[in-house]
Amino acid sequence: MSKTAYIVGGYGSAGSGQIAYRIAWILHTHFDYHCVIVTTDSRQSYDTSCAIFEHPICFDSVEITELAMLVQPQDLLISNPANSHHFLGGRLTCRKIMYVQAYTSFTILDGFFDNYVAVSHFVHHFLRFEYGINAAIIPPFARAECVPKNLIPWQERPPHKIMVMGKLFFAELLQLFRDRMAKKYPHIPIELNLIERFSKTQPELLQLMAEHRYFMQLSPCEGFGLTPLEAMACGCVTLGFHGNGSLDYLRPLHHKNLDFLYQHNSGMVAYPQMDKLCNNVAYLLSHSETAKRISSRGNSLIHQFSVENFDHNWVNYFNNFLNSQ
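Residues numbered from 1 in each chain as written. Predicted model: local features only at pLDDT ≥ 70, side-chain atom pairs only at ≥ 80, totals over all residues. Heavy atoms only, no water.

Asks: Please give an account of a nonpolar patch on the surface that cites residues and values.
Replies: Taken together, the side chains of Leu168, Phe169 and Tyr271 make up a nonpolar region of the molecular surface, amounting to roughly 310 Å² of accessible area. Checked against the element boundaries, Phe169 lands in the loop between β8 (161-166) and α5 (170-184). Residue Phe169 is classed as partly exposed on the basis of its relative accessible area, which comes to 46%. (Patch = residues over 30% accessible without salt bridge, like charges linked within 9 Å, V, L, I, M, F, W, Y side chains within 5 Å. Areas by Shrake-Rupley, 256 points an atom, 1.4 Å probe, with all protein chains shown as cover. Salt bridge = Lys/Arg side-chain N within 4 Å of Asp/Glu carboxyl O. Helix = DSSP H or I, 4+ residues; strand = E, 2+ residues; numbered from the N terminus. Buried < 20%, exposed > 50% of the residue type's maximum accessible area, 1.4 Å probe, protein only.)

Asks: Could you give me a rundown of helix α4 (residues 121-131), with the residues and numbers involved?
Replies: Inspection of α4 places Val123, His124, Phe126 and Leu127 among the buried residues, and these make up the whole buried set. Along α4, the residues classed as buried sweep out an arc of 160° about the axis, all on the same side. Directly after α4, the chain includes Gly132, whose backbone phi takes a positive value near 70°. (Arc of directions from axis to C-beta.)

Asks: Can you break down the sheet that holds strand β12 (residues 267-269) residue by residue, with the values?
Replies: Taken in spatial order, the five strands line up as β9-β8-β10-β11-β12 in an open sheet, and their pairing is parallel. Pairing within the sheet leaves two strands with one partner each, and these edge strands are β9 (191-194) and β12. Between one strand axis and the next, the sheet turns by 25° as a mean value, whatever way the strands run. Two elements, strand β11 (residues 237-241) and β12, share three bridges in a ladder whose sense is parallel. Across the sheet, Phe241 pairs through a bridge with Val269, a residue of β12. Against the sheet, helix α7 (residues 226-233) touches β8, β10 (214-218), β11 and β12, its axis set at about 175° to β10. (Pairing = 2+ DSSP bridges. Axes fitted to C-alpha atoms, helices over the stretch in contact; angles between N-to-C directions. Contact = heavy atoms within 4.5 Å.)

Asks: An account of the sheet that holds strand β6 (residues 115-118) is requested, with residue identities and associated values reported.
Replies: Within a beta sheet, neighbouring strands are joined by backbone hydrogen bonds and run either parallel or antiparallel to one another. Ordered by their spatial adjacency, seven strands build an open sheet running β3-β2-β1-β4-β5-β6-β7, and the pairing between neighbours is parallel. Two strands close off the open sheet at either side, each with one partner strand: β3 (60-63) and β7 (136-137). Two strands pair when backbone bridges link them, and strand β1 (residues 4-8) and strand β2 (residues 34-39) are joined in this way by five bridges, in the parallel orientation. Across the sheet, residue Ile7 finds its bridge partner in β2, namely Ile37. Sheet contacts for helix α1 (residues 15-31): β1, β2, β4 (76-79) and β5 (95-100); angle to β1, the most-contacted strand, approximately 170°.

Asks: Talk me through the packing of α1 against helix α10 (residues 307-322); I want residue IDs and the actual numbers.
Replies: α10 packs onto α1 with a crossing angle of 60° between their chain directions and a minimal axis gap of 10 Å. One element, α1, and the other, α10, form an angle in the oblique class. You can see that α1 and α10 cross each other, and the crossing is right-handed. In this structure, α1 contributes Ile19, Arg22, Ile23, Trp25, Ile26, Leu27, His30 and Phe31 to the contact, and α10 contributes Val307, Phe310, Asp311, Trp314, Val315, Phe318, Asn319 and Leu322. In the contact of α1 with α10, the residues fall into twelve nonpolar, two polar and two charged. (Parallel < 35°, antiparallel > 145°, perpendicular 65-115°, else oblique. Left-handed = near helix turned anticlockwise from the far one by under 90°. Nonpolar A, V, L, I, M, F, W, Y, C, P; charged D, E, K, R; others polar.)

Asks: So what about the packing of aromatic side chains? Which residues, and what values?
Replies: In the structure shown here, the tally under the stated rule is 20 aromatic pairs. Ring geometry for Phe31 versus Phe318: centroids 5.8 Å apart, planes at 75°, classification edge-to-face. A residue pair is termed long-range when its members are at least 10 positions apart, and Phe31 in helix α1 and Phe318 in helix α10 qualify at 287 residues. Accessibility assignment for this pair places Phe31 and Phe318 in one class, buried. Their ring planes at 65° and their centres at 6.2 Å tell us that Tyr249 and Phe305 sit as a pair that is edge-to-face. You can see Tyr249 sitting in the loop between β11 and β12 and its partner Phe305 sitting in the loop between α9 (288-295) and α10, a full 56 residues away along the chain. Its relative accessible area of 2% is what places Tyr249 among the buried residues. These aromatic residues form a ring-pair network of at least three members: Phe31, Tyr99, Phe141, Phe310, Trp314, Tyr317, Phe318 and Phe321. Above the face of the Phe321 ring, Arg95 is positioned so that its terminal group lies 4.1 Å from the ring centre. (Phe/Tyr/Trp six-rings, centres within 6.5 Å; stacked < 30°, edge-to-face > 60°. Lys NZ or Arg CZ within 6 Å of the ring centre and 35° of its normal.)

Given below as structure tokens:
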């Protein structure tokens, strides 16, 4: 009997799309599934040659509105929680796995999937507390091989330039940061280099990170948060909001007055602690030797979240799940 796996969002522009595509690759390569990428936007291009991520195999694609007519009981569906409003868990008869990569992309979780996998410990605890779901944890992967070789020494990078990215409320949070810094620390020069999401390929983005001492992400919530991890691999001191999910690898600074201890690896703070963020930014820009030490403490963490580890974890998971019935 032929086996088809439908993977929702595998051609998406966000990091979650890269992760979903990799799951399709695993099912095709290791379990001989015919994989179909499900798109959630009829305007989304199916031309993978224009994507910001690589797609070694060009899988067929269908729109999410077609699923009910196509899916058979022997098929497999992989989705993320952002599609909970489609209620695929309650409507489709196939086996269903939800990879929960975020915890704010839905209003009510579709609670009728067969299994749930969390991207981080925070998401695991969220699912257990809110829905009584005991999800397995499989972290995402980052591409260590894309980190530029022969990185520019940290001290040779611009001393007051911060590369900045964001998601929800980005413009508003950025303005709040500017205003608060100008009020609290008018004597500290800062140059912000704003990078629009999806405007760079992954290698281009990492190259930009490698040219900065500091990277700031103004994102209130993250299921995991790969971007600060990539910035750390490029030698940046990370600033901004850790979004909770990033605490699987970040060790935020702590100090009774600032938020600071030398053994930690990041200047990020909990949302919405803007004053603490400004304190950290001011301190680190004014104490370059301390910032340099912090920049060296996180650059090897990316290897813990390799694509090889990701593949291994999912292959083990699918071996158990697919053989359970």
